[in-house]
Each structure stands twice: as C-alpha cells, then as structure tokens.
Amino acid sequence: MSTNSSKKKLVAVITGGNSGVGLMTAERLIIVNGDEGVEICLVCRNKQRAETAKNSLLKTHPNATVDIVLIDTSSIASVIKGAKELRVKYKHIDLLYLNAGAFLVRRGINWSHMMSEIFDSESPGQKMLHMFTTGEGLLLQGDSVTEEGLQQVFATNLFGHFVLVQELKSVLGNESPSQVIWTSSRASVKSSFNVNDMQHKNGQDPYGSSKFGIDLMSVALNERMNKQKVYSHTCCPGLVLTNLTSAIFPMWIWYMLLPFFLLMRILISNFNMTACNGSESLVWLSQQNPEKLDPHSRYESNTSFLGKRYVTSRKLPVDVGPGDRLFKQCDSLYQKFKKGLPID
Ligand SMILES: NC(=O)c1ccc[n+]([C@@H]2O[C@H](COP(=O)([O-])OP(=O)(O)OC[C@H]3O[C@@H](n4cnc5c(N)ncnc54)[C@H](OP(=O)(O)O)[C@@H]3O)[C@@H](O)[C@H]2O)c1
C-alpha cells in the first residue's frame, strides 16, 4: 500500500488462498514486496490443500513468511473461530482479500435461455458479447443449504466474508490504513439481487446475486469504516482458467477453446485466462493509496491482445441506500448467530 512506509512488513490475509487467483495473488505480493516485505496468511478450508499451497510458495520464496488459518467461509462458526486465531496472530492486517468463492454449476449450459436471449435481442451481437463477458444467464446454477441453514453460495461468497470483517474490526485500520479487497465478478448482476431475498432462495442466479451483494456491501463498509481508515474495494479477475471454471467444462475443453479466447482478446479484454493475468487488479489495488480510489467502482483485470496486463475501473450500479439495507440485514443475521438464536 503506497501510504505505508516501505520498511513496514505488510500483513496480507487471503481467503481462498490455496488455488487460482488467490494463490497467485499471494505469490505476486511476495514478488512485489520482497520475501521479507510481506507476511502472507492463506485462509483455506482444507488443511492439506493449504499446506500444498504454502509449500509451493516456500519452494520459490524460501525466505517468505507464509501462514495458514483454516476457515470455511460458508460456516459462520468456522469464521468466528478462525477470526479469533487471526486476531491472536496479527496486531494489524494491512490487506484483507475476501476472495474465496463458490460457483455451483449443476446442470450445465442454459441453452434455451441463451438462444432466446440472443435471438430475441434487437442487437444479438452485443447481447452475445455481454453474455460471454459476464456469464449472465449462460449457465444453469445450483445451490444448497448449509448445516447452519444458510444458502451455500450466499454464505461462502458474501455472508461469511461479512462476518470475517466484523470479527476482525479490532485489527483493521486505526493506526494505519487497511484495505479490504473483495473478489467480485463481471457476473455481478443487479437484476439478480433482491435485498428482500438476499440469500437468493428464490432465484436462479445465486452467484450473480452474491457478487452484486459484494459490490453493495463494499459501498456500505466504506460508509461505516473509512473513518477508522478501513477502505473497501471490489475487483474482478475476468475469465481465468481455475478450479472454478473447470466445474463448468473439463479443462481439456477449455484448452481446446484457448486459441479462440486468445483471439477474442481483440474485442474482449477480460479474457485473462491465466491466474497471473487475473490477479492483476488484486495486486494493483494493494499498491494504490486506498483513499484515492473510487468506492463506487470495481477494478477489473484485463489483458491486451499482445498479452499486456492492465487494470480498468467500472462504475457500479450501486447506491448507498440498498447497501445500507443489506448491511443491516447481514448484521442482524450475524447477531442471531452470536446469540445462538434460530435463523429463518
Ligand atoms: N475464474 C474465473 O473466471 C473468475 C471470474 C470472476 C470471478 N472469479 C472469482 O475469483 C475468486 C477466486 O476463484 P478462482 O477462479 O481462483 O477459483 P478457485 O481456484 O476454485 O479458487 C476458489 C477458492 O475459494 C475457496 N473456497 C471455496 N469455497 C470455500 C469455502 N466454503 N470456504 C473457504 N474457501 C472456499 C477454494 O477452496 P478449495 O480449494 O478448498 O475449494 C479456493 O481456494 C472467486 O471469488 C471467484 O468467484 C473467478
């Protein structure tokens, strides 16, 4: 972070840090800040996968400090327990990456919706471009209910992270700034989100809804936490081939389609494909003065046709009012958990 003295060792906590964009962000933070310049904490749900990721980082950066805290972001009990461990380990967290994400594809491509959207549209080309760059309406999604009675995608992507921020308040901001960096998506869809159904129990796009919720929540956090020097921003890694996308198609299909995606970069700059390209906005944000960033914009990773990585910002269709309502509803759900009350 540019406002910090270069001598200070940064603490970067990354949920979903054991693979894909999260793991690459960890590695690039070590490269940018030096082995001695940053302390990485991989927040993961699986010990073995976390250890493998830690070892892979230490193999190339033997002098780096890499720690692990186990948290399943879809389980609030696990978030509260893990946050306690984080508070004991770190006096101050400079960078809190809320990156863990679930996208449950259960039934493949939504062919009928895709075709009708394209052919019923007045400009099919533009519609197709929109669908392929955001994923909106392209895939039939699944969701499930966690043991605690929450919708899985909402809990993993949004609510678990909300609780983590609340539980870490005492080690964020105050003496020096902290950045909360949410991995959102171009698939964040305003029309999929309904504040009266924030868990998306009744919709067909739990992922798009949860990511729009993230965009809204970030605005609400800034309203409440900027005075404590906590700055929240959202970013999008673009299309990246990771475990998440391999749930949509097997990797071999993605690799067969790779030349097409690389060619399409002439038109579509967020076909980043590699985790290194996709992590650009996450790393870039860590190098900015957070006070100067726009809290109503999402920062997006892009790759040019010639392979150059860059970041653009996109104004979000988010307002303080709905963000405030979402915050209050999440807070009331969180308080119920803390008091052991049943949730509805
Ligand atoms: N790939 C894309 O094209 C794309 C596009 C836009 C946005 N994104 C976002 O980018 C972020 C990173 O995804 P990725 O593409 O790098 O995929 P990935 O490699 O599958 O990473 C997702 C990470 O989230 C973790 N995770 C999932 N559910 C969790 C839970 N309940 N508790 C704790 N950790 C959990 C996974 O852990 P396990 O290894 O244990 O499963 C994994 O470390 C996600 O938020 C995703 O929505 C990705």
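All values derive from a computational prediction rather than experimental measurement.

J.: What should I look at first to understand the site of the ligand in this one?
T.: Neighbouring residues of the ligand: 28 residues in total, closest N18, R45, R49, Y207 and T242. Between the ligand and V21, the relevant distance is 2.8 Å, taken from an oxygen atom to a main-chain nitrogen or oxygen of the residue. N99 places a main-chain nitrogen or oxygen 2.8 Å from an oxygen atom of the ligand. For the ligand, the protein covers 94% of the area, taking 880 Å² as the surface of the free molecule. For the shell around the ligand, the element with the most residues is helix α8 (residues 243–246), which contributes three residues. Classifying every residue of the shell around the ligand gives eight nonpolar, 16 polar and four charged.

J.: How should the side chain of N157 be read in this particular structure?
T.: Structurally, N157 can be placed in helix α6 (residues 152–167). In this structure the side chain of N157 is engaged in a polar contact, spanning 3.0 Å, whose partner is the side chain of S210. In this structure, N157 is in contact with A100, G101, A102, W182, Y207, S210, K211 and I214, ignoring residues within four places of it in sequence.

J.: What is the right way to look at the environment of D197 in this model?
T.: Of note, D197 is situated in the loop between β7 (178–183) and α7 (206–225). Its relative accessible area of 13% is what places D197 among the buried residues. For the pair D197 and S209, spaced 12 residues apart in the sequence, the C-alpha separation amounts to 9.7 Å. With near-sequence residues (within four places) excluded, D197 lies in contact with N202 and G203.

J.: How should I be thinking about helix α3 (residues 76–89) in this particular structure?
T.: Within an α-helix, residues lying three or four positions from one another point in the same direction, as the helix has 3.6 residues per turn. The end-to-end C-alpha separation of α3 is 20 Å, in line with the 20 Å expected for 14 residues at 1.5 Å each. Along its buried surface, α3 packs onto β1 (10–15), β2 (38–44), β3 (65–70), α6 and α12 (320–339).

J.: What is the right way to look at the environment of W254 in this model?
T.: With respect to the helices and strands, the residue W254 is situated in helix α9 (residues 251–264). Sequence-wise, W254 and N226 are 28 residues apart; in three dimensions their C-alpha atoms are separated by 41 Å.

J.: How should I be thinking about the packing of α7 against α12 in this particular structure?
T.: Working note: a packed helix pair is described by the angle between its axes plus the distance between those axes. Following both chains from N to C, one finds α7 and α12 inclined at 90 degrees, their axes separated by 8 Å at the closest point. Here α7 lies roughly perpendicular to α12, going by the angle between them. In contact with G213, L216, M217, V219, A220, L221, E223 and R224 of α7, α12 contributes V320, P322, G323, D324, L326, F327, K328 and C330. Tallied by class, residues from the contact of α7 with α12 come to 10 nonpolar, two polar and four charged.

J.: Can you help me understand the sheet that holds strand β4 (residues 95–98) in this one?
T.: Pairing between the strands of a sheet comes from backbone hydrogen bonds, and it takes one of two forms, parallel or antiparallel. Sheet architecture is open: eight strands sit in the order β3-β2-β1-β4-β7-β8-β9-β10, paired in mixed fashion. Sheet topology places β3 and β10 (309–315) at the edges, where each strand pairs with a single neighbour. Across the sheet, the mean angle from the axis of one strand to that of its neighbour is 25 degrees, orientation sign disregarded. Sitting on the sheet, α7 is in contact with β7, β8 (230–236) and β9 (297–303), with an inclination near 160 degrees to β8.

J.: How should I be thinking about the pairing of β8 in this particular structure?
T.: A regular strand carries its side chains on alternate faces of the sheet. Across the seven residues of β8, seven count as buried, placing the element largely inside the fold. Across the two faces of β8 the burial is the same, with V230, S232, T234 and C236 and Y231, H233 and C235 all buried. Tracing the backbone out of β7, into α7 and back to the parallel element β8 gives a crossover that is right-handed. Examined bridge by bridge, β8 and β9 share three bridges and lie parallel to one another. The partner of C235 across the bridge, within β9, is Y299.

J.: Would you mind showing me how to read the nonpolar core here?
T.: Soluble globular proteins: nonpolar side chains tend toward being buried together. Counting 48 residues, the largest nonpolar core has L86, L96 and F159 as its most contacted members. Every element with two or more residues in this core is listed here: β1, β2, α3, β4, α6, β7, α7 and α12. If sequence neighbours within four positions are ignored, L86 has contacts with V13, C41, V43, V69, I71, L164 and L168.

Quick notes on the rules
Residues numbered from 1 in each chain as written. Predicted model: local features only at pLDDT ≥ 70, side-chain atom pairs only at ≥ 80, totals over all residues. Heavy atoms only, no water. Near = heavy atom within 4 Å. Polar contact = N/O pair within 3.5 Å; in protein donor to acceptor, adjacent residues only side chain to side chain. Areas by Shrake-Rupley, 256 points an atom, 1.4 Å probe, with all protein chains shown as cover. Helix = DSSP H or I, 4+ residues; strand = E, 2+ residues; numbered from the N terminus. Nonpolar A, V, L, I, M, F, W, Y, C, P; charged D, E, K, R; others polar. Contact = heavy atoms within 4.5 Å. Buried < 20%, exposed > 50% of the residue type's maximum accessible area, 1.4 Å probe, protein only. Expected span 1.5 Å × (residues − 1). Axes fitted to C-alpha atoms, helices over the stretch in contact; angles between N-to-C directions. Parallel < 35°, antiparallel > 145°, perpendicular 65-115°, else oblique. Pairing = 2+ DSSP bridges. Right-handed = clockwise from strand over helix to strand, strands pointing away. Core = buried A, V, L, I, M, F, W, Y, C linked by side-chain atoms within 4.5 Å.

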